[in-house]
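Architecture and fold: a report
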Amino acid sequence: MFKKFLPVFDWGTYNALSTLSKAGLIGTRLTEIPPMPLVQNGIDYFLEYRETAQRLFNTITAHGPYYPLSAPVNEERERALEAHLKAISNALVAGAQVYGYHLGEYLCNDPEKDLELHALALEQVCKLYPTIIFAPETSYTPFEIGSIEEIGYMIEHVKAKGYENVAISAQLENIWMREMQVAEGKIDAEEADKKTNYDFWMDVLERVYELSEGFLVLKFSQCIPFKKGERIFKKRAPLGQGYPNLEPLAEALSDFFITTYKRGRLLSLFIYTGLPEVKYRDSITIYYEVMKRIAEKI
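Heads up: these notes are all about the structure in this document. Bear in mind that the values here come from a model prediction, so they are computed numbers and not experimental data.

**With respect to the packing of aromatic side chains**
- The final tally for this structure, using the stated rule, is eleven aromatic pairs.
- Taken together, a centroid distance of 5.2 Å and an interplanar angle of 75° make the contact between tyrosine 45 and phenylalanine 46 edge-to-face.
- Assessed through its relative accessible area of 0%, phenylalanine 46 is described here as buried.
- Aromatic ring contacts, followed pair by pair, group Phe9, Trp11, Tyr209, Phe256, Phe257 and Tyr287 into a single cluster.
- Across from the ring centre of tyrosine 209, 4.1 Å away, lies the NZ or CZ of arginine 263, which sits over that ring.

**Observations concerning the sheet that holds strand E2 (residues 30-33)**
- Read from one edge of the open sheet, eight strands run E5-E4-E3-E2-E1-E10-E7-E6, paired in parallel fashion. Here the strands that pair on one side only, and so sit at the sheet edges, are strand E5 (133-136) and strand E6 (169-171). On average, adjacent strands in this sheet sit at an angle of 25° to one another, irrespective of strand direction.
- Summarising the sheet, strand E1 (residues 10-14) and strand E10 (residues 267-272) pair through four bridges and their orientation is parallel. Bridge assignment links aspartate 10 to a residue of E10, and that residue is leucine 269.

**Things to note about the environment of alanine 119**
- Considering the arrangement of structural elements, one finds alanine 119 in helix H5 (residues 111-128).
- Distance from alanine 119 to methionine 154, taken between C-alpha atoms, is 4.8 Å for residues 35 residues apart in sequence.
- Residues contacting alanine 119, with those up to four places away along its chain left out, are Tyr153, Met154, His157 and Val158.

**Some points on the packing of helix H9 (residues 198-209) against helix H10 (residues 246-263)**
- Contact pair H9 / H10: the axes reach a minimum separation of 9 Å and the direction vectors enclose 35°. As H9 packs across H10, the resulting crossing turns out to be right-handed. Across from Tyr198, Trp201, Met202, Leu205, Glu206 and Tyr209 in H9, the residues of H10 making contact are Pro248, Leu249, Glu251, Ala252, Leu253, Asp255, Phe256, Thr260 and Arg263.
- Across the contact of H9 with H10, the residue classes break down as ten nonpolar, one polar and four charged.

**Let's talk about the nonpolar core**
- Core analysis: the largest hydrophobic core is formed by 86 residues, its most contacted members being Tyr99, Leu172 and Leu218.
- Top element by residues in this core is H10. It accounts for eight residues.
- Ignoring any residue separated from it by four or fewer positions in sequence, one finds leucine 172 in contact with Trp201, Val204, Leu205, Leu218, Lys219, Phe220, Leu249 and Phe270.

**What about the packing of H5 against helix H6 (residues 148-160)?**
- Put simply, H5 and H6 touch, their axes get as near as 9 Å, and they point 45° apart. Looking at the two axes, H5 sits oblique to H6. Here H5 and H6 pass one another in a crossing that is right-handed. Contacts between H5 and H6 pair Leu115, Glu116, His118, Ala119, Leu120, Leu122, Glu123 and Cys126 from the former with Glu150, Tyr153, Met154, His157 and Val158 from the latter.

Calculation criteria
- Residues numbered from 1 in each chain as written.
- Predicted model: local features only at pLDDT ≥ 70, side-chain atom pairs only at ≥ 80, totals over all residues.
- Heavy atoms only, no water.
- Phe/Tyr/Trp six-rings, centres within 6.5 Å; stacked < 30°, edge-to-face > 60°.
- Buried < 20%, exposed > 50% of the residue type's maximum accessible area, 1.4 Å probe, protein only.
- Lys NZ or Arg CZ within 6 Å of the ring centre and 35° of its normal.
- Pairing = 2+ DSSP bridges.
- Helix = DSSP H or I, 4+ residues; strand = E, 2+ residues; numbered from the N terminus.
- Axes fitted to C-alpha atoms, helices over the stretch in contact; angles between N-to-C directions.
- Contact = heavy atoms within 4.5 Å.
- Left-handed = near helix turned anticlockwise from the far one by under 90°.
- Nonpolar A, V, L, I, M, F, W, Y, C, P; charged D, E, K, R; others polar.
- Core = buried A, V, L, I, M, F, W, Y, C linked by side-chain atoms within 4.5 Å.
- Parallel < 35°, antiparallel > 145°, perpendicular 65-115°, else oblique.

Geometric descriptors of this kind do not, in isolation, establish any biological role.
Right, dumping it as structure tokens:
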């Protein structure tokens, strides 16, 4: 699964087939298949994706479609699972090593029931497709499933059944919004950003590490939280125009990636998930900010 010589971390962004060559040209080391191409195309698309991506990148990941796996109605849940299974099959054809997906909003009257249904679905896909790592993604709002602890519960359930092909997909700005209580409206983004330091990020990263298997999947995009009705939402922003501040995160990541590399258990991935029009520029900027710090420390 791994190449002989590994970098401290693989980096890149999401790409449809049409942008793979551009992403490879600028030197990114990974690509992620976005949700829509994953479900809209036929087998030839994914065979070509695999052929091109394996030439250009070290790692291929996939982002599953937004189908809820905890619907209280059995028929709806089964249709959602069927759609995911089709997407997983396509991802495997395309050469994906990791399949990340959103958990969505709480749909049952009891949040514990949502977690149970998601854990059972995760167990099922891990059993059916043992060669790919499944990575539920952290969410930013308390209205959605996806805290580090909730995903930890799901992973613990699956591992207790004997399946190891599971990890966490850590969308870092989501974790920031949730844990700094920005998404609850208890603090505004600017004030929360001032309180977000190196120690905050190191604590988050270590907790994520403990839930990782094979691949450490980290994602990031700055965002602008905004209120609509009674809820707080996020809007992705170009790097330098949103929250949280990159500097303390880059400093923490540089130390963390060095430590993780020395531990030797995981291949670390950093995936930029920002706006399409700036995704390559911002990916390179983040890579530079982290790597220049690593270069000074190794």
